[in-house]
Amino acid sequence: MAPAPPPAAAVPPTPTPPPKAAAEAAPQAVPGFWDPRRRPDRPDLSRLTVIRFLTETDYPPFNFTGPDGNPAGFNVDLARSLCDEIKVTCTIQMRRFETLIDALATNRGDAIIASMAVTPQLRAKVDFTDPYYRAPARFVSRRDNVMPEIRPEYLEGKKVGVIAGTSHEAYLKAMFTDAEIHSYPDNDALRAALRRGEVDFIFGDAISLAFWINGTDSGECCAFSGGPFVESRFFGEGVGIAVRKGNDLLRQSLNWALFRIWEKGRFTDLWLRYFSISPF
């Protein structure tokens, strides 16, 4: 199951500083969004003959064009694993993200697997499977200032950078009311501010931050502090596979196959192949 968000503790008058860690040393964590006590029933898979997956063109490592010109990425490999589990023929077509819902509605595909966040607005247009991952939020600090745990009282008076106008900014303003919030126009400016020491922490999308931390652009400056924040009111219900409204056979078949892949450890293998630093 997805980890519960840390509680938003009230700010005490004289908070005790948390212990610092020299560097993040936690073992790689693999998210699990399936409850072993809620095993989905096996639907009548014989009624499925082909699944035409739609995915987007350029959102690495989730979706991108491989060296051979074919679709590649985490979502593509997951789609292929689902088809192997269901034992059905699959096709995978890449399209611009903004065209995917229309392509599904006009029967140019059967399912969208493109890191599509589940929202009430999209639920009005399509049905979704259970979430297969979330996009959590996390804090990042310089390596000499890592905190193993972060609570609102720990950041009293601390300078925290965030991208202006995002759900991450809204969360900080609602929950970390005693932090000194500095808003930046984009990721480049935000991350540069942390490297230069203008802020003590930055807060944002953990998946993109994980790749930055592990990439050359960070110069090995920084590491995650504290655990993930996944409150759905700010950060969404998770990422699911979209199918046409009322296509319960396909939705239930994909839910069954997702659970089976997770249960067999294949989801973990796939996750570790793409995420060397866990966003969770």
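Quantities reported herein were computed from a predicted structural model and do not represent experimental measurements.

Following the criterion strictly, the structure yields 2 disulfides and no others. Here Cys83 connects covalently by a disulfide to Cys90, the sulfurs 1.4 Å from one another. Each sulfur in the disulfide pair Cys221 and Cys222 lies 2.2 Å from the other. Taking the sign of the S-S torsion, -100° for the link of Cys221 and Cys222, the bridge is left-handed. With relative accessibility at 0%, the residue Cys222 sits in the buried group. Cysteine pairing for the protein chain, with bonded cysteines counted in sequence order: 1-2, 3-4.

One open sheet accounts for 5 strands, arranged β4-β1-β5-β12-β6; its pairing is mixed. Looking at strand neighbours, the two that pair on one side only are β4 (89–95) and β6 (126–128), the edges of this open sheet. Going from strand to strand, the sheet's axes swing by 35° on average, the running direction of each strand aside. Pairing of β6 with strand β12 (residues 239–244), which is carried by 3 bridges, proceeds in the antiparallel orientation. Paired with Val126 across the bridge in β12 is Arg244. Lying over the sheet, helix α1 (residues 74–86) contacts β1 (50–56), β4, β5 (111–117) and β12, oriented at roughly 170° with respect to β1. In the packing of helix α8 (residues 248–263) onto the sheet, contacts are made with β1, β5, β6 and β12, and the angle to β12 comes to roughly 150°.

Conventions used here
- Within each chain, residues carry numbers counting from 1 in the order of the written sequence.
- Restriction of local features to residues with pLDDT of at least 70 applies here, the model being predicted, together with a cutoff of 80 or more for giving and counting side-chain atom pairs; totals for whole chains, interfaces and linings are based on all residues.
- Only hydrogens and water are set aside; all other atoms, that is, all heavy atoms of the structure, feed into the side-chain values.
- When two cysteine sulfur atoms lie within 2.5 Å, the pair is treated as a disulfide.
- Three labels apply to residues, based on accessible area from a 1.4 Å probe with only protein chains included: buried if under 20% of the type maximum, exposed if over 50%, partly exposed otherwise in between.
- When DSSP finds at least two bridges between two strands, those strands are taken to pair.
- For helices the rule is a DSSP run of H or I covering at least 4 residues; for strands it is a run of E covering at least 2, with both sets numbered from the N terminus onward.
- Between the N-to-C directions of two axes lies an angle of 0 to 180 degrees, each axis being a line fitted to C-alpha atoms and, for a helix, fitted only over the stretch in contact.
- Contacts between residues were defined by any pair of non-hydrogen atoms, one from each residue, lying within 4.5 Å.

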